[in-house]
Amino acid sequence: MSQLTEIAANPYADELAAAKKAVSLAARLCQRVQQGILQSDIQSKADRTPVTVADYGSQVLISLVLKKELLSHSFSMVAEEDSEDLRKDDAQQILEHITSLVNETIANDDSYNMSLSKEDVLAALDGGKSEGGPSGRHWILDPIDGTKGFIRGDQYAVALGLLDEGKVVLGVLGCPNLPSKSTNKHNGSSSGDQVGSLYFATIGCGAKVQALEGSEPQKITICSVNNPVDASFFESLEHSKRDLTSSIAEAKVTKKEFGIMQLDQLSSQKLVAW
């Protein structure tokens, strides 16, 4: 199928292109922050959940890119963060840090000729304050899915979806630390040693994966293993009932040892998508 034919067959082609661009840009910011993460980059929400500058920066970039790329569309986004904490006097240093990171990420991408003020950043954050609902179109964002993994230098994702009249019609999952070869080997292709993968899907059009920095998209397919004995067994690293999963694994042992692999939330989501 040619690219023009594929676009014509996808009623959400413009939204998908914008979402991929937004998530990719946010993922680059997250990569940079994680590489140089400092204790001063961590705040606490009222519920004591750790929040990093990358959480805020990711949401700012996605809000900005979606609005820029989809000018003719009404904009509604349900997201985790808002500007309340960053408007406090004791948060001005971290706000300056976020603003600097966002501007540097935009400049390095070279897609937009703009520089944001601190007030622009705060306004973009508040673009995620929609309450959503069963009617209309609403973007749903988790700017960093897997905060614990992010803080300890492991896996996490930038997760963005689109609801249309209450139905999920599009999803993009940016996985900055996931090697491309770990995904492409299942689809008969290779991207060398690139780190960072981008998963995306539109209703009725299947799901694909490509390198975060760009590569030919590969269709995601289900593996051919249909005998549970020959399959791998996975359990969550963060949220796991070990006694239950161990008993399930033992019950499946008939021909060979049925080993258990522990996965974080991101990796388990990726495998379910396959």
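Residues numbered from 1 in each chain as written. Predicted model: local features only at pLDDT ≥ 70, side-chain atom pairs only at ≥ 80, totals over all residues. Heavy atoms only, no water.

The name recorded for the protein chain in an unreviewed UniProt entry is 3'(2'),5'-bisphosphate nucleotidase, from Urochloa decumbens. Reading the Function (unreviewed entry) entry of the UniProt record for the protein chain gives the comment "Converts adenosine 3'-phosphate 5'-phosphosulfate (PAPS) to adenosine 5'-phosphosulfate (APS) and 3'(2')-phosphoadenosine 5'-phosphate (PAP) to AMP." Recorded in UniProt under Cofactor (unreviewed entry), the annotation for the protein chain is "Mg(2+)". (UniProt positions renumbered as here; feature names shortened; annotations may be inferred.)

A.B. asks: Any chance you could break down the packing of aromatic side chains for me, citing the residues and the numbers?
C.D. replies: Counting across every chain of the model gives 1 aromatic pair. Geometrically, the ring pair formed by F150 and Y156 is edge-to-face, given 4.8 Å between the ring centres and 90 degrees between the ring planes. A relative accessible area of 0% places Y156 in the buried class. Against the face of F200 rests K20, its NZ or CZ located 4.0 Å from the ring centre. (Phe/Tyr/Trp six-rings, centres within 6.5 Å; stacked < 30°, edge-to-face > 60°. Buried < 20%, exposed > 50% of the residue type's maximum accessible area, 1.4 Å probe, protein only. Lys NZ or Arg CZ within 6 Å of the ring centre and 35° of its normal.)

A.B. asks: Which residues make up the pairing of strand 7 (residues 195-202), and what values do they have?
C.D. replies: Counting buried positions along strand 7 gives 6 out of 8 residues, so the element sits mostly inside the fold. Of the pairings in the sheet, the one linking strand 6 (residues 167-179) to strand 7 comprises 7 bridges and is antiparallel in character. Bridged to G171 within strand 7 is A201. Relative to strand 8 (residues 207-211), strand 7 runs antiparallel, the two being bridged by 5 bridges. By the bridge assignment, L198 is partnered in strand 8 with Q210. Where strand 7 hands over to strand 8, the hairpin turn is made up of 4 residues, of which G204 adopts a positive phi near 80 degrees. (Helix = DSSP H or I, 4+ residues; strand = E, 2+ residues; numbered from the N terminus. Pairing = 2+ DSSP bridges.)

A.B. asks: Run through the UniProt feature "binding site: Mg(2+)" (unreviewed entry) in the protein chain, naming residues and quoting values.
C.D. replies: According to UniProt, the "binding site: Mg(2+)" (unreviewed entry) feature falls on E80, D142, I144 and D145. Spanning 66 residues, the annotated positions come together in the fold, the maximum distance between their C-alpha atoms being 10.5 Å. With respect to the helices, strands and loops of the structure, E80 is situated in the loop between strand 3 (77-78) and helix 4 (92-109). The exposure class assigned to E80 is partly exposed, which follows from its relative accessible area of 39%. For D145, a relative accessible area of 13% gives the class buried.

A.B. asks: Quick one: what's the story with the pairing of strand 6, residue by residue and with numbers?
C.D. replies: Pairing between strand 5 (residues 157-164) and strand 6: 7 bridges, direction antiparallel. For L162, the partnering residue across the bridge sits in strand 6 and is L170. Count of turn residues in the strand 5/strand 6 antiparallel hairpin: 2 residues, of which E165 carries a positive phi of about 55 degrees.

A.B. asks: Please give an account of the nonpolar core that cites residues and values.
C.D. replies: By size, the foremost hydrophobic cluster in this structure holds 52 residues, and its most contacted members are I62, L66, L86, W139 and L170. Of all the secondary-structure elements, those providing two or more residues to this core are helix 2 (13-35), helix 3 (53-69), helix 4, helix 5 (118-125), strand 4 (137-145), strand 5, strand 6 and strand 7. Counting residues per element, this core draws most heavily on helix 2, which supplies 11 residues. For W139, the residues in contact, after removing those within four places along its chain, are E15, A19, L66, L70, F75, S76, M77, V78, L160, G161, L162 and L170. (Core = buried A, V, L, I, M, F, W, Y, C linked by side-chain atoms within 4.5 Å. Contact = heavy atoms within 4.5 Å.)

A.B. asks: Can you break down the sheet that holds strand 9 (residues 218-219) residue by residue, with the values?
C.D. replies: As summarised here, the arrangement of the 7 strands in space is 3-4-5-6-7-8-9, forming an open sheet in which the pairing is mixed. Strands with a single pairing partner mark the edges of an open sheet, and in this sheet they are strand 3 and strand 9. Along the sheet face, helix 2 touches strand 4, strand 5, strand 6, strand 7 and strand 8 and points at about 30 degrees away from the line of strand 6. Against the sheet, helix 3 touches strand 3, strand 4 and strand 5, its axis set at about 150 degrees to strand 4. (Axes fitted to C-alpha atoms, helices over the stretch in contact; angles between N-to-C directions.)

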